[in-house]
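One letter stands for each residue in the lines below.
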Amino acid sequence: MVRVAARYGLEVPEMTTWLAGQGSGMQSHRLIDDVAPDPDRLWLWARACRVDPARLTRLSLALRYPDRVPKWTLERSGRPVCLGCFEADQAMGRDSYMRTDWRLADHLVCPAHRQMLQDRCPGCSAQLRVSFQFRNGLLRPFCSRCGGLLTSRGAEPDHNLDAGFAAGVLNLQRRVKRILRGDVNGRVRLEDTIRTLWAPLDRVDAARPVLALWFDQPGWHCPFEARAAVSKDAPLQHLPLRWRALTLIILGDLFGAGLDFDAGMPEGARWLFNRAMPMLHRRQRRRSRSDQEKRSVDRATGRVQRLSKSPVHRLSENFLDERGDFG
């Protein structure tokens, strides 16, 4: 899809909108589905690409990962990339392309290059949106915001720290994959544990998750970029890459590198979850009472004022430069 759209100087959403209805009031971001594509739109792309529709069908995630539940697949807007894979494409003289593994919520480290995936531009540090353009007859990845070529050169100042961090996350990543491919009960226990870590702890409006207790910092609140995962059924699907990595690190710290959920719960995990559960029950009772009466504007205003004065931990922004603390 990228290759065909780039030939016309367009992005994939624009090209898809044109194929589906020439832009007549259609939302382009809803026309693209890599998981289970619509057969009619897939046929349009097959005609535009001059290929067999069955070949495009085999590229869907539903066929490549038939045993994977949708909640462990990232939304399109949050897909990270491996800069080493892009550089390998250039070294081999072929078009750069997006890998299917990058859409998996548990895929954080590239096994081939043993480096963390990137969801922020190494040049402008903005949330990464890849734009493919032709250079010397081949597709090359660029940042859609700053226009810089996506390369790992100069992206990380401390290679040793980066390699050690990636190796630790890769071990946890492999263990999570084995759990997902195993019995259903193991996957359910893993999902319940992650869901508990990201459940609201104090107030829904404060977006303070249970894992705030792991930081052991008073007044720590969930950063804005990760608040979308609080109280969600599948937190990893809504988290940026670094917060997904931190989630696995916390699991490894609580349950060990083997992520053994079958044995008795370790003391650290028991303390964390027992500390959180009473607060969750009280919050649910307060919520049921609040649904019966409408909150006044003054109470809502006061809550916002309290939150604005709440202390924020130093990790409230991107913790890329402080990942050594989690080692």
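This structure is a prediction, so every number in the text was calculated from the model and none was measured. (Residues numbered from 1 in each chain as written. Predicted model: local features only at pLDDT ≥ 70, side-chain atom pairs only at ≥ 80, totals over all residues. Heavy atoms only, no water.)

**Digging into the packing of helix α2 (residues 12-21) against helix α3 (residues 39-49)**
Here comes step 1: Contact pair α2 / α3: the axes reach a minimum separation of 10 Å and the direction vectors enclose 105 degrees. By the angle between their axes, α2 is roughly perpendicular relative to α3. For the pair α2 and α3, contact is made by V12, M15, T16, L19 and A20 and by L44, W45 and A48, respectively.
Here comes step 2: Each residue belonging to the contact of α2 with α3 can be placed in one class, and the counts come to seven nonpolar, one polar and no charged. (Axes fitted to C-alpha atoms, helices over the stretch in contact; angles between N-to-C directions. Helix = DSSP H or I, 4+ residues; strand = E, 2+ residues; numbered from the N terminus. Parallel < 35°, antiparallel > 145°, perpendicular 65-115°, else oblique. Contact = heavy atoms within 4.5 Å. Nonpolar A, V, L, I, M, F, W, Y, C, P; charged D, E, K, R; others polar.)

**Digging into the pattern of salt bridges**
Here comes step 1: As enumerated under the stated definition, the model contains 15 salt bridges in all.
Here comes step 2: Close ionic contact of R68 with D106 constitutes a salt bridge, the shortest N to O distance being 2.8 Å. In this pair, R68 is assigned in the loop between α5 (61-64) and α6 (83-91) and D106 in the loop between α6 and β1 (109-110), connecting sequence segments 38 residues apart. Assigned by exposure class, R68 and D106 land together as buried. (Salt bridge = Lys/Arg side-chain N within 4 Å of Asp/Glu carboxyl O. Buried < 20%, exposed > 50% of the residue type's maximum accessible area, 1.4 Å probe, protein only.)

**Describing the environment of G219**
Here comes step 1: With respect to the element layout, G219 can be found in the loop between α9 (212-215) and α10 (235-238).
Here comes step 2: Exposure remark for G219: the relative accessible area of 22% places this residue in the partly exposed category.
Here comes step 3: Counting along the chain gives eleven residues from G219 to R208, while the straight-line C-alpha distance between them is 9.3 Å.

**What to know about α6**
Here comes step 1: All of the buried residues along α6 are L83, G84, C85, F86 and D89.
Here comes step 2: Buried-residue contacts for α6 involve β1, β2 (115-116), β3 (130-135) and β4 (138-143).
Here comes step 3: Among the residues trailing α6, G93 stands out with phi positive, at a value near 70 degrees.

**Notes on the nonpolar core**
Here comes step 1: L190, L197 and W198 are the most contacted members of the largest nonpolar core, which totals 63 residues.
Here comes step 2: With ten residues, helix α11 (residues 241-255) is the single largest residue contributor to this core.
Here comes step 3: Residues in contact with L197, not counting those within four places in the same chain, are P209, V210, L211, I250, L251, L254, L272 and F273.
Here comes step 4: V4, A5, V12 and A46 belong to the second largest nonpolar core, which has ten residues in total. (Core = buried A, V, L, I, M, F, W, Y, C linked by side-chain atoms within 4.5 Å.)

**Points about the pairing of β4**
Here comes step 1: Of all six residues that make up β4, five are buried, and the element is covered over most of its length.
Here comes step 2: Pairing of β3 with β4 involves six bridges; the strand directions are antiparallel. Within β4, the position partnered with F132 by the bridge is P141.
Here comes step 3: Here β3 folds back onto β4, and the loop between the two strands holds two residues, one of which, N136, carries a positive phi near 55 degrees. (Pairing = 2+ DSSP bridges.)

**A few points about unusual backbone geometry**
Here comes step 1: Unlike most non-glycine residues, R50 shows phi in positive territory, near 60 degrees.
Here comes step 2: Structurally, the position occupied by R50 is in the loop between α3 and α4 (53-57).
Here comes step 3: Despite not being glycine, L259 has its phi angle at roughly 50 degrees, a positive value.
Here comes step 4: On the secondary structure map, L259 appears in the loop between α11 and α12 (267-290).
Here comes step 5: For L259, a relative accessible area of 2% corresponds to the buried category.

**Some details on the side chain of R140**
Here comes step 1: Residue position: R140 is located in strand β4.
Here comes step 2: As a buried residue without a salt bridge, R140 has its nearest oppositely charged side chain in D95, at a separation of 5.4 Å.
Here comes step 3: Here R94 takes part through its backbone oxygen, which lies 3.0 Å from a polar atom of the side chain of R140.
Here comes step 4: With near-sequence residues (within four places) excluded, R140 lies in contact with D89, Q90, R94, D95, S96, S131, F132, Q133, R135 and L149. (Lys, Arg positive; Asp, Glu negative; His and termini not counted. Polar contact = N/O pair within 3.5 Å; in protein donor to acceptor, adjacent residues only side chain to side chain.)

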